[in-house]
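As a plain string of letters, each chain reads:
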Amino acid sequence: YKIMSFKGLNLSSKMIDSLNRQKYFNPSPIQNRAIPKALKGETLMVQSSTGSGKTLCYLIPIIENIDYKDQNIQAIIIAPTRELAVQIYECAHRFTSEFKNLKVKLFKAGEAIDRTKKGLSVPPHIAIGTPGRLKDVFLDKENTNISHVKTIVFDEADMLMAEGYFDDIDSFALSIQKCQYLVFSATLEKNLSYRLEKYIGSNIPLVNEEVMTSSNVTHYLVDIKHTPLTDAIVDFISAVNPYLLMIFAS
């Protein structure tokens, strides 16, 4: 794998300026493979692990391909959790410094649906949210037009399937014709591929990482029982004394 700069991906000067300001200079392996295909409007299934830079894999092409003269929703990004949706929104919003006309809207659970719909008086170019909340908003066809949507992203698609969210997604996404789908998942089980066929067909190429987790990484599963979480972390660090440590918590 030969590292190239983002300039080698045929991006606009605005996008390069925005990436440079955010301290993104060179694409990760998965970005290098996925972004050029996504820019061309191709539908992709992408297998990528945490920390591989998948969010930029779809945000960069979406933002580059938006028609800013068309004030309608042009991309929908679907996440399985409110926390992930917020992270994606914050990442997308950072691009508005250079893309002054870019409008991004977060649809999250816990916000009154009337207030959410009121916020659609000026539709965003990019709608980000969880399946249930997006269903509530998009089924109201009087106030919401999704016929201009060009791209739909399934982020953490394996989790979307595991949590049974595809019924909510089907309720609005299947009505959109000739759409680019960008599917990102840490694992690609057979059941997931079958579940996605109605959207992406059965012969979509898989884009995956060239570099998987290093063999130098050691994984620990710690049963903390009734120990307070902070105490358990301190005890673990004291016992193992790691040089670098990443903690995943449910």
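All of these numbers come straight from a predicted model, not from anything done at the bench.

Colleague: Before we go on, may I ask you to explain the sheet that holds strand β1 (residues 44-47) in this structure?
Modeller: What links the strands of a sheet is backbone hydrogen bonding, and the strands pair in either a parallel or an antiparallel sense. Read from one edge of the open sheet, seven strands run β3-β4-β2-β5-β6-β1-β7, paired in parallel fashion. Taken across any chain shown, the strands that pair with only one partner, and hence form the sheet edges, are β3 (104-107) and β7 (206-208). The mean angle between the axes of side-by-side strands here comes to 15°, regardless of whether they run parallel or antiparallel. Of the pairings in the sheet, the one linking β1 to strand β6 (residues 180-185) comprises four bridges and is parallel in character. Across the sheet, the residue bridging to Met 45 is Val 183, located in β6. Together, β1, β5 (151-154) and β6 form the strand contacts of helix α9 (residues 190-200), whose direction differs from that of β6 by roughly 165°.

Colleague: What should I look at first to understand the nonpolar core in this one?
Modeller: Nonpolar side chains in soluble globular proteins tend to end up buried together. One finds Leu 11, Tyr 58, Ile 77, Ile 126 and Ile 128 to be the most contacted residues of the largest nonpolar core, which totals 40 residues. Here the element with the most residues in this core is helix α3 (residues 54-65); it accounts for seven residues. Setting aside anything within four residues of it in sequence, one finds Ile 126 in contact with Ile 62, Ile 63, Ile 66, Ala 75, Ile 77, Leu 102, Lys 103, Val 104 and Lys 105. The next biggest cluster of nonpolar side chains, apart from the first, holds 27 residues, and it includes Ile 73, Ile 78, Leu 160 and Phe 166.

Colleague: Just to check I follow, could you spell out helix α2 (residues 29-39) for this structure?
Modeller: Residue pairs three or four apart in sequence face the same way in an α-helix, which turns once every 3.6 residues. Of all the positions in α2, only Ile 30, Gln 31, Asn 32, Ala 34, Ile 35, Ala 38 and Leu 39 are classed as buried. The elements touched by buried residues of α2 are β1, α3, β6 and β7. Gly 41 lies just past α2 and shows a positive phi near 90°.

Colleague: I keep staring at the packing of helix α6 (residues 131-138) against helix α8 (residues 166-173) and nothing clicks. Help me out?
Modeller: Working note: a packed helix pair is described by the angle between its axes plus the distance between those axes. The contact between α6 and α8 brings their axes to 9 Å, and the two run at 30°. Relative to α8, α6 is oriented roughly parallel. The hand of the α6/α8 crossing is left-handed. Each of Pro 131, Gly 132, Leu 134, Lys 135 and Phe 138 in α6 lies in contact with α8, whose residues at this interface are Asp 168, Ile 169, Ser 171 and Phe 172.

Colleague: Even after reading the chapter, I still don't get α9, so can you show me in this structure?
Modeller: The set of residues buried in α9 consists of Leu 192, Leu 196, Tyr 199 and Ile 200. Summarising the axial view, the buried residues of α9 lie within an arc of 60°, below the 170-degree limit, and thus occupy one face. Along α9, exposed side chains directed more than 90 degrees from the buried face belong to Lys 190, Asn 191 and Tyr 194. In this structure, the buried side of α9 is in contact with β1, β5, α7 (157-162), α8 and β6. Backbone geometry just after α9 places Gly 201 at a positive phi near 80°.

What counts, and at which threshold
- Residues numbered from 1 in each chain as written.
- Predicted model: local features only at pLDDT ≥ 70, side-chain atom pairs only at ≥ 80, totals over all residues.
- Heavy atoms only, no water.
- Pairing = 2+ DSSP bridges.
- Helix = DSSP H or I, 4+ residues; strand = E, 2+ residues; numbered from the N terminus.
- Axes fitted to C-alpha atoms, helices over the stretch in contact; angles between N-to-C directions.
- Contact = heavy atoms within 4.5 Å.
- Core = buried A, V, L, I, M, F, W, Y, C linked by side-chain atoms within 4.5 Å.
- Buried < 20%, exposed > 50% of the residue type's maximum accessible area, 1.4 Å probe, protein only.
- Parallel < 35°, antiparallel > 145°, perpendicular 65-115°, else oblique.
- Left-handed = near helix turned anticlockwise from the far one by under 90°.
- Arc of directions from axis to C-beta.

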